[in-house]
Amino acid sequence: MATVLARCAFPIRRSEPPARRMRRSAVFSRAMYAPGNMGNESAAPTSDTDEWNPIVDPLGSDFTSNAVPAVMKGKDPRCVRFGFPKGSLQKSTEELFARAGLPVKVKDRNYFPTVEDDGLSLVLFRSQEIPRYVADGVLDAGICGRDWIVENGSDVVEVAELKYSKATSNPARWVVAVPEDSPVETARDLEGTLIASELVHTTERFFLDRGIQGVKVEYSWGATEVKASLPGVGAIVDITETGSSLRANKLREVATILESTTRLIANKDAWKDPIKRARIEDLALLLQGAIDGKKKVGLKMNLPTASVPELSAQLPSEKSPTVSPLLDNDYCAVEVVVDEGTAKDLVPLVRRMGATGIATYPINLSIH
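A few points on the structure. (Residues numbered from 1 in each chain as written. Predicted model: local features only at pLDDT ≥ 70, side-chain atom pairs only at ≥ 80, totals over all residues. Heavy atoms only, no water.)

### Thoughts on the pairing of strand 1 (residues 80–86)
The buried fraction of strand 1 is high, at six of seven residues. As paired elements, strand 1 and strand 4 (residues 120–126) share seven bridges and run parallel to each other. Bridge pairing links F84 to L124 in strand 4. Pairing of strand 1 with strand 5 (residues 141–145), which is carried by two bridges, proceeds in the parallel orientation. The residue of strand 5 that forms the bridge with F82 is A141. (Buried < 20%, exposed > 50% of the residue type's maximum accessible area, 1.4 Å probe, protein only. Helix = DSSP H or I, 4+ residues; strand = E, 2+ residues; numbered from the N terminus. Pairing = 2+ DSSP bridges.)

### A few points about the packing of aromatic side chains
Under the defined criterion, the tally for this structure stands at six aromatic pairs. Taken together, the aromatic side chains of F82, F84 and F97 make up a single cluster linked through ring pairs. (Phe/Tyr/Trp six-rings, centres within 6.5 Å; stacked < 30°, edge-to-face > 60°.)

### Structural notes on the sheet that holds strand 7 (residues 172–179)
With mixed pairing, five strands are arranged side by side in an open sheet as 9-8-10-7-11. The sheet terminates laterally at strand 9 (216–219) and strand 11 (251–260), the two strands that pair on one side only. Neighbour to neighbour, the strand axes of the sheet diverge by 25° on average, direction disregarded. Alignment of strand 7 against strand 11, held across eight bridges, turns out to be antiparallel. When the bridges of strand 11 are listed, V175 appears paired with T256. (Axes fitted to C-alpha atoms, helices over the stretch in contact; angles between N-to-C directions.)

### Here we look at the side chain of T203
By secondary structure assignment, the location of T203 is in helix 7 (residues 200–209). On the accessibility criterion, T203 (0% relative accessible area) is buried. Within the structure, the side chain of T203 is placed 2.7 Å from the backbone oxygen of L199, a separation counted as a polar contact. For T203, the residues in contact, after removing those within four places along its chain, are I195, S197, V217, V237 and I257. (Polar contact = N/O pair within 3.5 Å; in protein donor to acceptor, adjacent residues only side chain to side chain. Contact = heavy atoms within 4.5 Å.)

### Some remarks on the nonpolar core
In this structure, F82, F97, L264 and L287 are the most contacted members of the largest nonpolar core, which totals 41 residues. Counting residues per element, this core draws most heavily on helix 11 (residues 274–294), at six residues. Residue contacts for L264: discarding those within four places in its chain leaves F82, G142, I143, V157, E158, V159, A160, L162, I280, L283, A284 and L287. Counting residues in each nonpolar core, the second largest holds 18 residues, with W174, F207, A235 and V237 among its members. (Core = buried A, V, L, I, M, F, W, Y, C linked by side-chain atoms within 4.5 Å.)

### Structural notes on unusual backbone geometry
Within the chain, R109 stands out as a residue other than glycine whose phi angle is a positive 60°. Unusually for a residue other than glycine, K250 sits at a positive phi of about 55°. Here K250 is to be found in the loop between helix 9 (244–248) and strand 11. Here K250 falls in the exposed class, since its relative accessible area comes to 55%.

### Digging into the pattern of salt bridges
Tallying each qualifying case throughout the model produces 12 salt bridges. Linking E253 and R173 is a salt bridge whose minimum nitrogen-to-oxygen distance equals 2.9 Å. Taken together, the positions of E253 in strand 11 and R173 in strand 7 put the pair 80 residues apart, joining distant regions of the chain. Here R252 and E185 are joined by a salt bridge, their closest N and O atoms 4.0 Å apart. Note that R252 is positioned in strand 11 and E185 in the loop between strand 7 and strand 8 (194–197), a separation of 67 residues in sequence. Relative accessible area serves as the criterion here: at 23%, R252 is assigned to the partly exposed category. One connected set of salt bridges, linked through shared partners, spans R81, D140 and K276. (Salt bridge = Lys/Arg side-chain N within 4 Å of Asp/Glu carboxyl O.)

See below:
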C-alpha cells in the first residue's frame, strides 16, 4: 500500500492536461482506498504501462516504511479522508487540532498522521495540492489556503473560514514586490516585463483583468525574494503576513493581488453523504471553537453579592456572569468568559469590589 502512494501522490504538474491529471487522481484514489488494498502493505502496478518505483518518493522521502494499513485499521469504512496540510501550516494546524481535543501524532518520515477519531483518516499533503485532490474525490475534505483554491480553480465546498496561519491570525497577502530602488511605482509600470511567482494563474489574471499587456509570469520554485534583483526580472509575486521578509530583502510592495485565509473544504459528493457531512461539520465546529477560545480566558472569583450588578455593568452587553450561591450568603461564586484584554482590566476592578479567590484559566473551546 505504501508503494502505491509513492507512485501516485506526487505534486501535480501545472502543465499537465486535465484528463491525465484526473486519471492519475483516480489511480491514487483506487489504490489508496479500495477495500482489497486495506490489508496490504504494497500493491502491484495496475497495468504494464504504469511507471513503478517503490523507492523514489517525489515528496521527499522513502515510503517503503510507511505502512498505510496500520493507520486504516479500526477506522470506520465511511471515515472522512482528510488532507492535513504539510509545510508552513502544519505546526499551527497540529496545535489547533490539539486545542479542539483532537491531538494529532505525526511520526518522522510518515505521511499518515494518527488522530483519536475513527471518523477521520489523515494524509499529509502540501496545501497547494489539497484543493485539487479534494475536488477530484481523492480526499473527502482538507485544510488549505483560499489562495490555492483560487489558483487551481478547484470546485469544492468551502465549509468554514479558519482564521489562523503560520504566524498570526491575519490574512496572508500575495503582493507584487520590487526592489526598493526600482523605478516601478504601480502594477501598470510592469507591462512587458517578466515576473516570478508561485501563484502563476492568479498573477496572470491580475494583470490581464487590468489590461496590462505583455507580462510573462514564470513559476518560482522557491527563494522568490532573491529573484527580484536578478537582471531581466521586473518584479516578484510572493506571500506575506507581516511584510518582514520583504523588508529584510529590501523589497517594497507595489500591489496586492489576493488576500487569503485558511479554509476547511469538502468534496461535493462527500458533502452529499449525510454521515460524512455531519463529521466534517462537527470538525469545523470544533476547530472554529478552538480558534475563538484561544483569544479568551475564564475568570472566577468569590464576590460580595451586593457587587454583582456593578460587575455585570462592566461586562460587554452580550456577557452575563454565572452566579452561584455560597454558604456565606453575603458572597456568591461568579464565573465569566471574557477576552484576555478584558480580564486584565477586570481583575483589579473586582478586587476593589471586595472579590476574593480570583483566578483566570485558559479556554480551549469557545462556541457561541
